[in-house]
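Residues per chain are reported as follows:
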Amino acid sequence: MAARELITEPYAVFGHPISHSLSPRIHNLFAKQTGQSNMTYTAIDVPGQCFDQALTKFYQQGGKGLNCTVPLKELAFKRADHLSERARRCGAVNTLVFREDGQIDADNTDGIGLLRDLTHNLKIQINKQKLLILGAGGATRGILESLLTEQPEQIVIANRTVSKATKLAELFSDLGEVTGCGYDDLKAQRFDIVVNATAASLHGQLPPLPDTLLAEDACCYDLAYSVQPTPFVSWGNQYGAAVSTDGIGMLVEQAAEAFLIWRGIRPETMPLINDSRLKQG
Ligand code: ATR
């Protein structure tokens, strides 16, 4: 009898640049942990102008699913044939599934990833709390709906370009109390949870925050992650946050949600997150 052939099922993350991505390491560990030995996951550098071509090629080579990261999430949203409800609100997607006929289902797992890290892993209560989100770009749009499902007392979006913050707030105002403002308007306010969704950390910078911003036992959460504390994580520690952390937990949790969509099984995330947080000291 001929030995049964193991047919490989390829997955990948597309982005540009992509060499820094931790996603292959995370998904390969998930595959090992859940015994999905026929699954492969690689990182592929795809600039925006090559996205359509790269997508077709990956599918023709047997590709089953993809993650998309910067700068491709909005392009992937436009290219998808079927969007989940939450992805529709985000205007961007990070998880694609190829159907047999090549049609693409798309979802956004960023918001649920953040929510799970905050509420489940870090045991932070969002309900009835005052939340501040710094930045009004795609990253903020991707997390607003999930945060609003927890019914916080209010969400304030602060941005350098104030009009972007007020427009984004309007887009989600049917889901709860959301307002937009500039950094100067934060001076007399206190927040229980502050989420940094700006691109500032990526450039080693910090948004202009008043020293008095944090309520007692506040949580500071940076969507960016790095081995050294980001400027925002350091700021949170300096000004008395009870928890000040980067986004490694969100990264692992959004990956677990994508893995669940693709493989029908949710991997254990805590071993990986603990390992990363320990390395950060
Ligand atoms: P993303 O899709 O990752 O959110 P983006 O759409 O380019 O990226 O948005 C980046 C966000 O970071 C914006 O809100 C930007 O503010 P502006 O809209 O005013 O440009 C914000 N940002 C970038 N660098 C920043 C800095 N050094 N300080 C404060 N905000 C910054």
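The structure we're discussing is the one just above.
Here the structure is a predicted model, which means the values were calculated and not measured.

Criteria and thresholds
Residues numbered from 1 in each chain as written. Predicted model: local features only at pLDDT ≥ 70, side-chain atom pairs only at ≥ 80, totals over all residues. Heavy atoms only, no water. Phe/Tyr/Trp six-rings, centres within 6.5 Å; stacked < 30°, edge-to-face > 60°. Helix = DSSP H or I, 4+ residues; strand = E, 2+ residues; numbered from the N terminus. Buried < 20%, exposed > 50% of the residue type's maximum accessible area, 1.4 Å probe, protein only. Near = heavy atom within 4 Å. Polar contact = N/O pair within 3.5 Å; in protein donor to acceptor, adjacent residues only side chain to side chain. Areas by Shrake-Rupley, 256 points an atom, 1.4 Å probe, with all protein chains shown as cover. Nonpolar A, V, L, I, M, F, W, Y, C, P; charged D, E, K, R; others polar. Salt bridge = Lys/Arg side-chain N within 4 Å of Asp/Glu carboxyl O. Axes fitted to C-alpha atoms, helices over the stretch in contact; angles between N-to-C directions. Parallel < 35°, antiparallel > 145°, perpendicular 65-115°, else oblique. Left-handed = near helix turned anticlockwise from the far one by under 90°. Contact = heavy atoms within 4.5 Å. Arc of directions from axis to C-beta.

*Asks:* How do you make sense of the packing of aromatic side chains when you look at a structure like this?
*Replies:* Note on aromatic pairs: each is described by the distance of the centres and the angle between the planes. Throughout the structure, instances matching the rule amount to 9 aromatic pairs. Look at Tyr11 and Trp262: their rings are 4.8 Å apart centre to centre, the planes differ by 40°, and that puts the pair in the tilted class. Taken together, the positions of Tyr11 in strand S1 (residues 9-15) and Trp262 in helix H9 (residues 248-263) put the pair 251 residues apart, joining distant regions of the chain. On the basis of relative accessible area, Tyr11 is assigned to the buried category, the value being 4%. Overall, Trp262 belongs to the buried group, its relative accessible area being 11%. Site record: aromatic cluster; members linked through ring pairs are Phe14, Phe51, Phe58, Tyr59 and Phe98.

*Asks:* Explain the site of the ligand to me, please; I cannot follow it from the model alone.
*Replies:* Among the 14 residues in the neighbourhood of the ligand, the closest are listed as Ala136, Asn159, Thr161, Lys164 and Gln205. Within the backbone of Gly138, an N or O atom sits 3.0 Å from an oxygen atom of the ligand. Within the contact set of the ligand, an oxygen atom lies 3.0 Å away from a backbone nitrogen or oxygen of Ala199. With the chains in place, 72% of the 640 Å² that the ligand exposes on its own is no longer accessible. Residues that form the shell around the ligand fall into these classes: 5 nonpolar, 7 polar and 2 charged.

*Asks:* Help me understand the pattern of salt bridges, please; the structure alone is not making it clear to me.
*Replies:* Side chains carrying opposite charge are able to pair once their charged atoms draw close together. As enumerated under the stated definition, the model contains 11 salt bridges in all. Through salt bridges with shared partners, a single network forms among Arg116, Glu253, Glu257 and Arg266.

*Asks:* Explanation requested: the packing of helix H5 (residues 110-121) against H9 in the structure shown.
*Replies:* When two helices pack together, their arrangement is given by the angle between the helix axes and by the axis-to-axis distance. Two elements in contact, H5 and H9, have axes separated by 7 Å at closest approach and are oriented at 120°. In terms of axis orientation, H5 runs oblique to H9. Crossing handedness for the pair H5 and H9: right-handed. On H9, the residues that touch Asp110, Ile112, Gly113, Leu114, Arg116, Asp117 and Asn121 of H5 are Gly249, Met250, Glu253, Gln254 and Glu257. Across the contact of H5 with H9, the residue classes break down as 3 nonpolar, 4 polar and 5 charged.

*Asks:* What am I meant to see in helix H8 (residues 231-238) here?
*Replies:* For an α-helix, the turn length of 3.6 residues means that residues three or four places apart are oriented alike. Along H8, the residues classified as buried are Phe232, Val233, Trp235 and Gly236. Across the axial projection of H8, the buried residues extend over an arc of 160°, all falling on one side. In this structure, the buried residues of H8 make contact with strand S7 (130-134), strand S10 (191-196), strand S11 (214-222) and strand S12 (243-245). Two residues or fewer past H8, Gly240 is found with a positive phi of approximately 90°.

*Asks:* It is not clear to me how unusual backbone geometry should be interpreted in this structure. Could you clarify?
*Replies:* Across residues other than glycine, the phi torsion is negative in most instances, and most of the peptide bonds are trans. His16 connects to Pro17 through a cis peptide bond whose omega is 0°. Here Pro17 lies in the loop between S1 and helix H1 (23-33). Looking along the chain, the bond that leaves Val70 and enters Pro71 is cis, with omega of 0°. For Pro71, the position within the fold is in the loop between strand S3 (65-68) and helix H3 (73-79). Phi is positive for Lys123, close to 60°, though the residue is something other than glycine. Considering the arrangement of structural elements, one finds Lys123 in the loop between H5 and S7. Overall, the relative accessible area of 63% leaves Lys123 in the exposed class. Look at Asp217: it is not a glycine, yet its phi comes out positive at around 55°. Its location among the elements puts Asp217 in strand S11. Given the relative accessible area of 63%, Asp217 is considered exposed.

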